[in-house]
Amino acid sequence: MNANRRLLLALPAAALARPSLAQAPWPSGPIRLIAPFPPGGSVDTVCRLLQPHLSADLGVPVVIENRPGASGAIGTAALARAPADGLTWAMVFDTHAVNPALIANLGFDTRRDLTTVMLVGTSPMLITTHNSRPWRTLQDVVGAAKARPDTLTYGSIGNGSLAHLTMSLMQKAGGFQVVHVPYRGGGPMSAAAAAGELDLPMATNAGLGGQVGQTLRPLAQTGARRSSLFLDLPTVSESGIPGIDALAWWGAIGRAGVPEPVLRRFHASLEKALAVPEVRARLTGPLGIEIVGSTPEAFGGFLDIQMETWGRVVSENNIRPD
C-alpha cells in the first residue's frame, strides 16, 4: 500500500466528504439578501441600513433582492430553494411566523427548510387615529365602537397580519366590533392613513411612515410593557383591554444546512453592522425598532413561540389570506 493510500484511509470520513473552509473560503462570491416585501417598507429599509456594513465586513457585494408577495412567503420560498452555501439569506417580518398557519401551500417547511440567524429587533404596533378624528384615548374609540358597531374602520398591511390578529383578540377581550380594511403592504396603508381614509391605522412606527405625531395621533401600543421608545404611550392593557402582548419583529434567516462556521460568521457580521452608531440611530429613531441582536438559538426559540401563538389565533378566528 503506497503512502498516499495509507493517508486517505487514515483520514476521518468527514474530512473526505467536504472541503474545509480553508480550501473553500467563504464568501466565495456576492451575497444575496432577500427582502420578501416591496422597496420602501420596513424590511427593505432594515436591509439597506445593514447592507453597506455587511459588504465592508465580508469583503463582497451584498445585493438586496426584493421578492414581494404572499405576506413574505414568495421571497422566503426563494431562500428555501437556494443552495445551502451561505450566499443567500433573507430578512423576514413577523408574518413569517403566521404564514404556516395562514397559507395552505407555502412550498416550504419553515422549521425543516430554513434556519434562524438573528432576531434583529422588535417594535410594538401603534394604534393611531387621524388628527381629524375626535378620539384622544383607546377608551374613547372602544366607547364609540360599542355605540356604533361595525362602523369604525381599522387598517392593516393585510389579512393575517399581526395587526389583524391583534385586533381580533382586542375585539373579543374588549367586547367591541370594528371593520378591518386590509391593504397590500405598508406603503398603501400608510398613504391611506395620511389621507384620513381610516379611523384607526394600525402598524409599527416604521409602517406608519413617520406620520405619528404629525398627521396621526397615537392612542396605544400593543406590547405587554411600554417600549423604551414610546414611554409616554399607554399599552392596550393599560387602556382597559387585558391580555394583549403583540410585538412586530424583524429577523435574519438562512437556508437549512448552511455550514455552522458560515452561519456564525454571517451572524458576527450582522452584530458588527448593528453596532454602528448611525445604524442604531436610524433603527431606534425613525423606525422605532428596539434592537435585540439575538443568538441564532434564542431566535429559534422565539420563533417557535410566535408560530404557536399566532397560529392558534388564525385557527380560532378562521382567518384566511387575501
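Here the structure is a predicted model, which is why all the values come from computation and not from measurement. (Residues numbered from 1 in each chain as written. Predicted model: local features only at pLDDT ≥ 70, side-chain atom pairs only at ≥ 80, totals over all residues. Heavy atoms only, no water.)

Colleague: Even after reading the chapter, I still don't get the packing of aromatic side chains, so can you show me in this structure?
Modeller: Each aromatic ring pair is summarised here by two numbers: the centre-to-centre distance and the angle between the ring planes. Counted according to the given criterion, the structure contains five aromatic pairs. A ring pair is formed by Trp89 and Phe266, whose centres lie 4.2 Å apart and whose planes are at 10°; its orientation type is stacked. Of this pair, Trp89 sits in strand E3 (residues 88–93) while Phe266 sits in helix H10 (residues 260–274), placing them 177 residues apart in sequence. Comparing Trp89 with Phe266 shows no difference in burial state: the two are buried. Relative to Phe299, the ring of Trp249 has its centre 5.6 Å away and its plane inclined at 75°; by these criteria the two rings are edge-to-face. Here the residue Trp249 occupies a position in strand E10 (residues 247–255), and Phe299 occupies one in helix H12 (residues 296–316), the gap between them amounting to 50 residues. Neither residue differs from the other here; Trp249 and Phe299 are each classed as buried. (Phe/Tyr/Trp six-rings, centres within 6.5 Å; stacked < 30°, edge-to-face > 60°. Helix = DSSP H or I, 4+ residues; strand = E, 2+ residues; numbered from the N terminus. Buried < 20%, exposed > 50% of the residue type's maximum accessible area, 1.4 Å probe, protein only.)

Colleague: What is the right way to look at the nonpolar core in this model?
Modeller: Here is a general trend for soluble globular proteins: nonpolar side chains tend to be buried in one another's company. Leu50, Trp89, Leu138 and Met170 are the most contacted members of the largest nonpolar core, which totals 88 residues. With seven residues, the single largest contributor to this core is helix H3 (residues 42–58). In this structure Leu138 touches Ile127, Met170, Leu219, Ala220, Val236, Ser239 and Ile241, once residues within four positions along its chain are discounted. One finds Leu126, Tyr183, Met189 and Leu233 within the second-largest nonpolar core, a separate group that totals eleven residues. (Core = buried A, V, L, I, M, F, W, Y, C linked by side-chain atoms within 4.5 Å. Contact = heavy atoms within 4.5 Å.)

Colleague: Mind showing me how you'd approach the sheet that holds strand E9 (residues 216–221) here?
Modeller: The pairing of strands in a sheet comes from backbone hydrogen bonds and takes either a parallel or an antiparallel form. In space, the five strands of this open sheet follow the order E7-E6-E8-E5-E9, with mixed pairing throughout. Pairing within the sheet leaves two strands with one partner each, and these edge strands are strand E7 (179–182) and E9. Strand-to-strand twist in this sheet, taken as the mean axis angle between neighbours without regard to direction, amounts to 30°. Pairing analysis gives two bridges linking strand E6 (residues 153–156) to strand E8 (residues 200–203), with the strands arranged parallel. Within E8, the residue paired with Tyr154 across the bridge is Leu200. Helix H9 (residues 186–194) contacts strand E5 (126–130), E6, E8 and E9 of the sheet and is inclined by roughly 145° relative to E8. (Pairing = 2+ DSSP bridges. Axes fitted to C-alpha atoms, helices over the stretch in contact; angles between N-to-C directions.)

Colleague: Teacher, can you tell me more about helix H8 (residues 162–174) here?
Modeller: For an α-helix the count is 3.6 residues per turn, leaving residues at separations of three or four pointing the same way. Over its 13 residues, H8 runs 18 Å from end to end, which matches the ideal 18 Å to within 8%, given 1.5 Å per residue. Within H8, ten of the 13 residues are buried, which leaves the element mostly enclosed by the surrounding structure. Those residues of H8 that fall on the buried side of the exposure criterion are Leu162, Ala163, His164, Leu165, Thr166, Met167, Ser168, Met170, Gln171 and Gly174. After H8 finishes, the residue Gly175 shows a positive phi value of roughly 70°. (Expected span 1.5 Å × (residues − 1).)

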